[in-house]
Amino acid sequence: MIWRTRNRTFDLTTRGVIMGVLNITPDSFSDGGRFLDPAVAVETGLQMVADGAEILDIGGESTRPGAVPVGTDEELRRILPVIRQLREASRVAISIDTMKASVAAAAVDAGAEIINDISGLRADPGMAGVAARTGAGLVLMHMRGTPRTMQIRPEYRDVTAEIAASLTAACDEAARAGVNSECIAVDPGIGFGKTMEHNLTLLRSLPRFQIHGRPVLLGVSRKSFLGRILGLTDPVARDVPTTAITAWARQHGVRIFRIHAVRDNVHALRMMEAILEPE
Ligand code: PMM
């Protein structure tokens, strides 16, 4: 299973990869405010690389439930210095977490090679064109509504089937816009317009998201449903259950893991793979 980005090709056939999370925002739920100083963000990113992250996902707009959108200029002011400095300091693959085509284009110019669009092409009609033109990797995530509205009584008749159909439609739209299908990865969007029960159902049905043979990305790290199940209010305390889900998800076909605590999850992946894929 191949995943192409603008600058490289990941062979995910027998090996998953960790995408470290760097949110340059004052209000993200687990790391909000920590990385507003670019130097601190870059240092943290480089530590994630040393810990085994092969991708860093950089976001300048909070996506927590109820979050208010930020303007393009502010988003660029937050992310560009961090992308530029990381690009100079490391060969790690840089991903830009944005719903705006103009931000994605500027980020790729500055050295990003993957576009992580949590709206799955629904927020900005120019996004697929930027991905096609730049040859960037493109993560298509499922979200119901927008971060501001997504947790208001989310309902589905069949959550797995509806999300698989929506991701299939997004893949087809990307292909129509000229995106190389080998550049696409899909993500069921844990916590984005889903109840705790929906999240658990999606985790039970992960193999259903292997759409057109594309790699599946999963983001459960520190999310609130873990806290609800385990009674953990501190997001950092959710790192151990996150690692448990990484092992489960690797066994059920996921190949790209969006993670805050990189090292333990790298270990979980390599351990699962030693069992699943003996040399
Ligand atoms: N989750 C968050 C932000 N971006 N992108 C993808 N592809 N998948 C996710 O699950 C995802 C994402 C929210 O989590 P954060 O506040 O820790 O960044």
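In what follows, the structure referred to is the one given above.
Keep in mind the model is a prediction, meaning the values are calculated, not measured. (Residues numbered from 1 in each chain as written. Predicted model: local features only at pLDDT ≥ 70, side-chain atom pairs only at ≥ 80, totals over all residues. Heavy atoms only, no water.)

### A word on the layout of surface pockets
Regions of empty space are outlined by a rolling probe, equal in size to a water molecule, passed over the atoms.
Step number 1: Its volume calculated, the second largest pocket comes out at about 220 Å³.
Step number 2: Together, 15 residues line the second largest pocket, and E61, P69, M99, T146 and P147 are the ones closest to its centre.
Step number 3: A per-class count over the lining of the second largest pocket returns seven nonpolar, four polar and four charged. (1 Å grid on protein atoms, 1.4 Å probe; cavity = no way out; pocket = protein on both sides within 12 Å on 5 of 7 lines; lining within 4 Å. Points joined across faces, edges and corners; volume = space filled by probe spheres on them. Nonpolar A, V, L, I, M, F, W, Y, C, P; charged D, E, K, R; others polar.)

### Re the site of the ligand
Step number 1: Close contacts around the ligand come from 16 residues, with N23, D97, D187, K223 and R258 the closest.
Step number 2: Interatomic distance of 2.9 Å between a side-chain N/O atom of N23 and an oxygen atom of the ligand.
Step number 3: R258 places a polar side-chain atom, nitrogen or oxygen, 2.7 Å from an oxygen atom of the ligand.
Step number 4: Here the shell around the ligand is built from residues that sort into seven nonpolar, five polar and four charged. (Near = heavy atom within 4 Å. Polar contact = N/O pair within 3.5 Å; in protein donor to acceptor, adjacent residues only side chain to side chain.)

### A word on the nonpolar core
Step number 1: By size, the foremost hydrophobic cluster in this structure holds 67 residues, and its most contacted members are I58, I79, I115 and L218.
Step number 2: Among the elements that take part in this core, helix α5 (residues 159-176) stands out by supplying seven residues, more than any other.
Step number 3: Ignoring sequence-local partners within four residues, the contact set of L218 consists of D187, P188, I190, L203, L206, I245, A249, V254, I256, F257 and R258.
Step number 4: Grouped together as the second largest cluster of nonpolar side chains are 12 residues, F10, I55, A93 and I114 included. (Core = buried A, V, L, I, M, F, W, Y, C linked by side-chain atoms within 4.5 Å. Buried < 20%, exposed > 50% of the residue type's maximum accessible area, 1.4 Å probe, protein only. Helix = DSSP H or I, 4+ residues; strand = E, 2+ residues; numbered from the N terminus. Contact = heavy atoms within 4.5 Å.)

### Examining empty space enclosed by the protein
Step number 1: One pass over the structure, following the stated rule, counts one cavity of 30 Å³ or more.
Step number 2: Put simply, the largest cavity is a space of about 30 Å³.
Step number 3: Every residue along the wall of the largest cavity is listed here: E61, T63, D97, T98, M99 and I118.

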